[in-house]
Amino acid sequence: MINFNVPPFTGKETEYIQEAVRAEKICGDGQFTQRCNRWLEKKTGTSKALLTTSCTHATELAALLMNVQPEDEVIMPSYTFVSTADAFVLRGAVPVFVDIRPDTMNLDETKIEAAITEKTVGIVPVHYAGVSCEMDAIMDIARRHHLWVIEDAAQGIMSTYKGKALGTFGEFGCFSFHETKNYTMGEGGALLIRDESYVEEAEILREKGTNRSKFYRGQIDKYTWVNYGSSYLPSDMNAAYLWAQLEMAEEINEERLAIWKRYAACLAPLKEKGILELPTIPKDCVHNAHMFYIKVRDIEERTQLIAELKEKGIMAVFHYIPLHSAPAGLKYGRFHGEDVYTTRESERLLRLPMYYGLAPDQVDYICKVIKEFFERRS
Ligand SMILES: *Cc1c(COP(=O)(O)O)cnc(C)c1O
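What counts and what doesn't
Residues numbered from 1 in each chain as written. Predicted model: local features only at pLDDT ≥ 70, side-chain atom pairs only at ≥ 80, totals over all residues. Heavy atoms only, no water. Pairing = 2+ DSSP bridges. Helix = DSSP H or I, 4+ residues; strand = E, 2+ residues; numbered from the N terminus. Contact = heavy atoms within 4.5 Å. Axes fitted to C-alpha atoms, helices over the stretch in contact; angles between N-to-C directions. Core = buried A, V, L, I, M, F, W, Y, C linked by side-chain atoms within 4.5 Å. Buried < 20%, exposed > 50% of the residue type's maximum accessible area, 1.4 Å probe, protein only. Near = heavy atom within 4 Å. Polar contact = N/O pair within 3.5 Å; in protein donor to acceptor, adjacent residues only side chain to side chain. Areas by Shrake-Rupley, 256 points an atom, 1.4 Å probe, with all protein chains shown as cover. 1 Å grid on protein atoms, 1.4 Å probe; cavity = no way out; pocket = protein on both sides within 12 Å on 5 of 7 lines; lining within 4 Å. Sits in = over half its atoms within 2 Å of the grid points. Nonpolar A, V, L, I, M, F, W, Y, C, P; charged D, E, K, R; others polar.

Q: So what exactly am I meant to see when it comes to the sheet that holds strand E5 (residues 148–152) here?
A: Note on sheets: strands pair through backbone hydrogen bonds, and any given pair is parallel or antiparallel. The strand order across the open sheet built from 8 strands is E1-E9-E8-E5-E4-E2-E3-E12, with neighbouring strands paired in mixed fashion. The open sheet has two edge strands with one neighbour each: strand E1 (48–52) and strand E12 (334–335). With respect to the sheet, helix H2 (residues 31–44) is in contact with E1, strand E8 (172–176) and strand E9 (189–193), its orientation differing from that of E1 by roughly 135 degrees. Packed onto the sheet, helix H3 (residues 55–65) meets E1, E5, E8 and E9 and runs at close to 165 degrees relative to E8.

So this is what it looks like as C-alpha cells:
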C-alpha cells in the first residue's frame, strides 16, 4: 500500500526530545524553540520568527496584531483550507472570496481590486502547493489601498518568489508544521514578522498577555499582565522534533523535488496528449514540492481514477471544498465576482502521494497505474 502522506522522520527526533526532557525545560520557548526560531529567521531573512502551536494560531495572532474588527472585510481565495478564513471570522470579520487562477490555483491578483470596499482591511494570499502568488502585484495593490497583507504560507516554507522567501512579503507570514507539511512537529506553526515594531506586541499576545519574553531576556526583573492575549507557544518537546527536520531541511527539500520531477517527467506524455494537466511553476517562483497534483477532465473522471488507484493500493486525495460553498462560508463570507475557476478546477484536481521517503519505483508504479487507466478509456 502506498499512503498519501507519511510524516517526515529523520531519525534524530526522539534523541532531541529526550534532550529536551533532560534539560528539564519542556514548556515553551526552551532551547529547541529558540534554535528553530533562529533557523527560520536566517533561512527566510525575516526580522523575527516565533514558533506557534499551529499555522491556524499564527494566523490568529496576525489577525490580533492587525487589530481586525467586526465587519472588517478580508480578501482571500475560496480555494483554501478553513484556517485562512477562521482566524478572521473569529474576530467577526467577513472573508471576501475572490476567484483563483487556473494555472497555479492561487488568488487571481487581477481580481482583487474590484473586490475592495471601504470596509476592506487586508489581503490574505495563500501560496498553494508552495508556489508563490504574484506578490509584486499583490503588494502594489495593498500599498495603493492602504491594506495589510498576511501570507498564508502554510505550505510555503523553503519556497521563494524572485529570490525572496515566502512569508516575508506581507506584514506577517504564517507557516505550518502539521504532520501533512514538508517539515513537522505534529501540530505547530510559525509567525514571521517583517517589521520589528510588531515584535514586542506579538510576544505579549503569544504569552497570555504577559511580558514574560522580556523577563526571560533579562530586560525586566518581573513579568506581569500587560495586555489581552492567549497561549500560542508550543512545548519544547514538539520543537525538538521539528529541529531534527530543520537540520536536514535541504536534503528533505531536494528529495521532494526529485520525486516531483519524476512524476512530472513520467506523466508528461499524458499532458502532451491533452489527457491531463500538470502543475505550472511560474518563472519567478522556486517551489518546495509540497504537493504533486494532476488535473483530470472532471469530477466523474476523478472519482473513477481515485477508485482505480485505491484498488491498486495507492491512496490519492483531493481537498478544499471551496469555502464559499461550505456551510460556514455561506454564513460568514461572500464571493465577489464570478466563480469561473474555483469550483471547476477544485473538482478536477487530484493529489498524488508525496512525502519524504517515497521511493522512485513507487512513483513509477503510480504513474503506470494512471497511464493504464487512461489507455483503457481511450
Ligand atoms: C495546513 C494549512 C493550514 C493550517 O495549518 P495548521 O498548522 O494545521 O493550523 C492553513 N492553511 C493552509 C493553506 C494549509 O495548507
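From this point on, the discussion continues.
Q: Is there a simple way to think about the nonpolar core in this case?
A: Generally speaking, a soluble globular protein has its nonpolar side chains buried in company with each other. Of all hydrophobic cores here, the largest spans 32 residues; its most connected members are Tyr263, Leu267, Phe292, Ile294, Leu352 and Ile370. Taken together, the elements giving at least two residues each to this core come down to helix H9 (249–272), strand E11 (292–295), helix H10 (299–311), strand E13 (349–352) and helix H13 (360–377). The leading source of residues in this core is H9, at 8 residues. In this structure, Met66, Phe97, Val199 and Ala202 belong to the second largest nonpolar core, which totals 31 residues.

Q: Explanation requested: the site of the ligand in the structure shown.
A: Around the ligand, the surrounding shell holds 15 residues, and the nearest of these are Thr56, Asp152, Gln155, Ser176 and Lys181. With respect to the ligand, the side chain of Asp152 contributes an N or O atom lying 2.8 Å from a nitrogen atom. In this structure, an oxygen atom belonging to the ligand sits 2.8 Å away from a side-chain N or O atom of Gln155. Coverage of the ligand by the protein chains reaches 93% of its 380 Å² of free accessible surface. More than half of the atoms of the ligand fall within 2 Å of the grid points belonging to the largest pocket. Tallied by class, the residues present in the shell around the ligand amount to 5 nonpolar, 8 polar and 2 charged.

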